[in-house]
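Secondary and tertiary structure notes
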Amino acid sequence: MDSMIRHKEQINRQLARYGVKFGIYKNGTFHERLFPYDPIPRIITAKEWQTLEQGLRQRVNALNLFLKDIYGPKRILADGTVPEDFVYRSPGYLPQCQGITPPGGVYSHISGIDLVKGKDGAWYILEDNLRIPSGASYPLIARGLCRRCSPDTFRHNDILDNRNYGQLLRRTMDSVNTGGINVVFTPGRYNAAYFEHSYLAEQSGAALAESSDLYVRDCALYYRSTHGDQRVGAIYRRVSDEYMDPLTFEPQSLIGIPNLMSAYRSGNVAVLNAFGNGVADDKGIYYFVPKMIRYYLGEEPILRNAPTYLPFYAEDCKYVLDHLDCLVVKDVAEAGGYGVLFGSKLTRQQLLDLKAAILDQPRRFIAQEVIDFQDLPILEGDQQVERKADLRAFVLTGAEETVVWPSGLTRFSRDPDSFIVNSSQGGGFKDTWILSH
Amino acid sequence: MDTITLSKQNRLFWLGRYSERVHTSIQLMMEFYDSLLDGSGMDYQAFCRKMGIPCVYDSGEDFCRRYLFDEESQYSIVSAVEAMLGNGMVLRETISSQTLAYLQMAHSAMEMASRSESPMVELQWVLDDIMAFRGSFDDAVEEESARNITKTGGMVERISLMLRLERHPERVEHELRKLLNRLYKTDLTPDPAALKTITDRALDGVAVDRIALLSSVECLFHI
Amino acid sequence: MSRRLNFFYDIRLEFDAPVVEHAFVLRCVPPSFPGQEILDATLELDPHTPYTRQRDSFGNLMQIGRLSQPHDHFHYTVSGTARVDLSLRRPEADLPVCRYPSAYTVPSRDIQNYFHSLSLPQTPAERAWALSEAVGSRMRYTPGVTGPSTTAAQAFAAGEGVCQDYAHLYLTLARLAGFSARYVNGLPEGEGASHAWCEIWLDGVWTGIDPTRGKWTDEGYIRFGTGRDFGDCPIERGTFLGRTAQRQTVFMRVCQQ
């Protein structure tokens, strides 16, 4: 570990050499920044990982079954386990996908599950990302570089190798591929995650494509190549649903593939992740994930949610209004909403306003207990300081199996008072070591 | 992945042109810089005229500085480095991360040079990184036609600069032959009229006016 | 009462300069369902283009294709014969998603206030009818002030619009009243342009109501497609490459055979 710290500069130079960057828009222009890397890894023991792995697999399997149900028979709505309001009012629910079963029956192939570890030692799920979770490329490339800079560390610690992500991704794509090549579909060079798109294409042996490289003919997707057009069997797309097909979704989209939906509907191409997954990673639906696990799998959830209340239910509403000053309130409405509010930081008047808003539109809010989570050490200059950090675990689901990548993206906030650990907010990342014993 | 799209052809071609432009121009600038030391100076106005770029420079020193490092100018070498890296970035899975790293390093070296009091030392790194890029590119890009597109782009750029700047006229014929040799190994479709002019000049020794030849080289590919 | 209707629908798109890579989805062939039987239907495309038939998630018939070559017009014509008999309509499943606001039918504060100011009658059918009158009393039929992307809230604020806007406002109010209600487009008896109306789920039957004309639909209406709103079932949607102005000419005719 000390060796990792000593080699911080070398590692950063290596990261610069490989252009490990993410893009941000500042004052309307595009800049690329190096993603700050902290050399002190997060370490997860084998025993702890075993639980995490089982819990994550369980959760993602249940979420996939939920999606299959929602775009199919909707049993879970019919018997009232999930109120239909939470589905039909969700901006991520796409009725255009009703009745379409994706190749292999998989909806969320690449799931990014965000967790934090509480001071009580338990892991809590913060949110599920089932649309286009990003970030796997950073720990993936960092590991290779760290092994180079600090070979001793890796000789003396039994750390599970995480450099197989490209193969895992490829295996996932191959398992649902309907016949043809695999492509990674990027909106282009000026996307925040372009580095990742191109790196994952290389690592998984897929072709990197932009919209002008692809077209749909006779309900099949093709890649324009100098050797004639090639059929695409699986498309790992890094573009949001609404921009993917201007003839089905947002008509103004210039970065989509016209009539892609017709190929998908015919079962002629696998789309990773499937369209319409937003209904399952909605902040409101989060509350129901433990119920889904019991409902679809008949199992008790292995990993916990942060304790969550839905003002939609009268009982929860009363609790929320009574304890508003110590809860976190999240606005489920996507845009133009209140965002995330910490009750403890609101003035009296703001609390009253929030109460009125909750009473007016209870479905729009969820409230959670504030989790006191464990801080992680990071290096600030030569000083070791403690900062908030989360873990994004990557779970890959193919036609046959669900695999948890033995790694993950640990993001930390640089601002000591901030709970937000987003890369675009100036945070950084560290490697995540899963010990093999 | 050994299939390339039409848009990738374009990027491969320009990757070749920009890497050659950076390499040749930096060598030229090193000569200029050196001549400034003796006070012999250099005719930067003639240079701008021949290159067909606006001469907005106050002095030889100003020219050396800004032609190299002015990020605002589309004609500067630093802009060419940016374009070289940009084309490389969108070809990662074709040229490999290993190869792209050399372009990234050339880009970083250029940045260092722009901040340095003795930029020529750092510029040497840019040249080294481009040479390493070429080696790595040859090694990593399996598909021959893709490899040859970039090399064809490089040849086009080299000949274009030779003709514009009237340097090494005795080598033009040789370089043209190399270009023809390359382009037959690609899937590119050359402009027939331009190809004829070049073939006449290279293989049959037909006399062609320099400017006409330059325009044929520049118009050889519509990409 | 059963009626046989001949229908003819003709759309001509003209481009000032040739366009390429033209991908399209048409929903201009009426499907058969209890109450509407399509005896024959022919679709002709000019330039002649092969197309694939699919059904979308709302059960609408789609014709999907692509013209890659340069062309300066796209002309499609559908014609055929329908037998319409409302007495053959059958109860169908509810579509819960049609009880919720959609992109075009999010109720603005004004629409909500308007809705709450209405005194609605008792029975569902009466209420459905009263809502149509409520639309008619607030909207003036004015072509040209609204467009395909106008929402119910915008049309309500303007107080005028065309059939699409009437339908969207009706859906917004009906959903506030707790009905499942859906958008319909198709052809009404007569000549002119295509039309939009609504269907409301009453006693298990999707029942047509035309807020623009202030009437329940009858055997003179031929349905092309349905959806939550216009966005789910446009008669034609396309994308192409080319910087050019586009003109559209529409003609339709429905008459008793």
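Parameters at a glance
- Residues numbered from 1 in each chain as written.
- Chains lettered and ligands numbered in written order.
- Predicted model: local features only at pLDDT ≥ 70, side-chain atom pairs only at ≥ 80, totals over all residues.
- Helix = DSSP H or I, 4+ residues; strand = E, 2+ residues; numbered from the N terminus.
- Rg over C-alpha atoms; globule rule 2.2 N^0.38 Å.
- Buried ≥ 20, exposed ≤ 12 C-beta atoms within 10 Å, placed from the backbone.
- Pairing = 2+ DSSP bridges.
- Contact = placed C-beta atoms within 7 Å.
- Nonpolar A, V, L, I, M, F, W, Y, C, P; charged D, E, K, R; others polar.
- Domains from an automatic or database assignment.
- Axes fitted to C-alpha atoms, helices over the stretch in contact; angles between N-to-C directions.
- Parallel < 35°, antiparallel > 145°, perpendicular 65-115°, else oblique.
- Left-handed = near helix turned anticlockwise from the far one by under 90°.
- pLDDT = per-residue confidence, 0-100.

**Topic: the overall build of chain B**
Scanning chain B for helices and strands turns up 11 helices and 0 strands. Taken against the 2.2 N^0.38 rule, which gives 17 Å for 223 residues, the C-alpha radius of gyration of chain B at 18 Å falls within 12% of a compact globule. Along the three orthogonal principal directions, the C-alpha set of chain B runs to about 45 × 45 × 25 Å. Looking at chain B as a whole, 41% of its 223 residues qualify as buried.

**Details of the sheet that holds strand β11 (residues 205–210) of chain C**
Each strand in a sheet pairs with its neighbour through backbone hydrogen bonds, running either in the same direction (parallel) or in the opposite one (antiparallel). Residues and elements named next belong to chain C. Taken in spatial order, the 5 strands of this open sheet run β12-β11-β10-β8-β13, and their pairing is antiparallel. The sheet is open, and its two borders are formed by β12 (215–216) and β13 (221–227), each paired with just one other strand. As defined by bridge partners, strand β8 (residues 181–188) adjoins β13 across 6 bridges and the pair is classed as antiparallel. Note on β13: the bridge partner recorded for Pro-188 is Tyr-221.

**Brief notes about the arrangement of the chains**
Highest in contacts among the 2 pairs of chains that touch are chains A and B. The two units chain B and chain C are non-contacting; their minimal C-alpha-C-alpha distance is 15 Å.

**Observations concerning the interface of chain A and chain C**
With 19 residues of chain A in contact, the opposing surface of chain C contributes 14 residues. Tallied by class, the residues present in the side of chain A that touches chain C amount to 9 nonpolar, 5 polar and 5 charged.

**Things to note about the domain arrangement of chain C**
Residues and elements named next belong to chain C. You can read the domains of chain C as domain 1 (3–87 + 235–256) and domain 2 (91–232). Taken over C-alpha atoms, the centre of domain 1 sits 24 Å from the centre of domain 2. Contacts between the two partners involve 20 residues from domain 1, matched on the other side by 19 residues from domain 2. The set of elements that each furnish at least two residues to the side of domain 1 that touches domain 2 consists of β1 (2–26), β5 (71–85) and β15 (246–256). Take the side of domain 1 that touches domain 2: its biggest share by element is 5 residues, from β15. Split into classes, the residues belonging to the side of domain 1 that touches domain 2 amount to 14 nonpolar, 2 polar and 4 charged.

**Describing the interface of chain B and chain A**
Taken together, the contacts link 21 residues of chain B with 22 residues of chain A. Listing elements by their share of the side of chain B that touches chain A, those giving two or more residues are α1 (6–37), α4 (77–89), α5 (92–95) and α6 (97–115) of chain B. Ranked by residues supplied to the side of chain B that touches chain A, first place goes to α6(B) with 6 residues. Across the side of chain B that touches chain A, the residue classes break down as 8 nonpolar, 10 polar and 3 charged.

**Focus: the pairing of strand β14 (residues 327–331) of chain A**
Residue and element names in this part refer to chain A. Pairing between β14 and strand β16 (residues 365–369): 5 bridges, direction antiparallel. If you follow Lys-330 over to β16, its bridge partner there is Ile-366. Across 3 bridges, β14 lies against strand β15 (residues 340–342) in antiparallel orientation. Bridged to Val-329 within β15 is Leu-341.

**Here we look at the environment of A:Tyr222**
Secondary-structure assignment places A:Tyr222 in strand β9 (residues 220–225). Here the alpha-carbon distance between A:Tyr222 and A:Leu169, two residues 53 residues apart in the chain, equals 21 Å.

**Remarks on the packing of helix α9 (residues 172–183) of chain B against helix α10 (residues 192–204) of chain B**
Axes are the key here: two packed helices are described by the angle between their axes and the distance separating the axes. Residues and elements named next belong to chain B. Running from N to C, α9 and α10 point in directions that differ by 125°, and their axes come no closer than 9 Å. Considering their axes alone, α9 and α10 lie oblique with respect to each other. The interaxial crossing formed by α9 with α10 has left-handed handedness. Between α9 and α10, the contacting residues are Glu-173, Leu-176, Arg-177 and Leu-180 on the first element and Ile-198, Thr-199, Arg-201 and Ala-202 on the second. Class assignment for the residues of the contact of α9 with α10 results in 4 nonpolar, 1 polar and 3 charged.

**A closer look at the pairing of strand β10 (residues 228–237) of chain A**
Residues and elements named next belong to chain A. Of the strand pairs in this sheet, strand β6 (residues 181–185) and β10 are connected by 5 bridges, and their pairing is parallel. Note that in β10 the partner of Phe-185 across the bridge is Arg-237. Bridge count for β9 against β10 is 4 bridges, and the pairing is antiparallel. Across the sheet, residue Arg-224 finds its bridge partner in β10, namely Asp-229. Hairpin remark: β9 followed by β10, antiparallel, with 2 residues in the connecting loop. With 3 bridges joining them, β10 and strand β11 (residues 270–272) adopt parallel strand pairing. Bridged to Ala-234 within β11 is Ala-270.

**Thoughts on the confidence of the model for chain B**
Of the residues in chain B, 97% reach a pLDDT of 70 or more, and the chain-wide mean stands at 91. Summarising per-element confidence for chain B, the mean pLDDT is lowest in α5(B) (91) and highest in α4(B) (95).

**Some thoughts on the sheet that holds β16(A)**
Pairing in this open sheet of 4 strands is antiparallel, and the strands run β13-β16-β14-β15 (chain A) from one edge to the other. Two strands bound the open sheet, and with one partner strand each, they are β13 (308–309) and β15 of chain A.

**Section: the environment of B:Phe32**
Residues and elements named next belong to chain B. On the secondary structure map, Phe-32 appears in helix α1. Separated by 35 residues in the primary sequence, Phe-32 and Tyr-67 have C-alpha atoms spaced 11 Å apart. With sequence-adjacent residues up to four places away left out, Phe-32 is seen in contact with Met-42 and Cys-64.

**Quick notes on unusual backbone geometry**
Residue A:Asn273 follows A:Leu272 across a cis peptide bond; omega there is -15°. Omega for the peptide link from C:Asp46 to C:Pro47 comes to 0°, which places this bond in the cis form. On the secondary structure map, C:Pro47 appears in the loop between β2 (36–46) and β3 (51–55). Even without a glycine there, the phi angle at A:Asp218 is positive, about 45°. Structurally, A:Asp218 can be placed in the loop between β8 (214–217) and β9. The phi dihedral of A:Cys219 is positive, around 60°, even though this residue is not glycine. In this fold, A:Cys219 is placed in the loop between β8 and β9. Its 21 C-beta neighbours within 10 Å are what place A:Cys219 among the buried residues.

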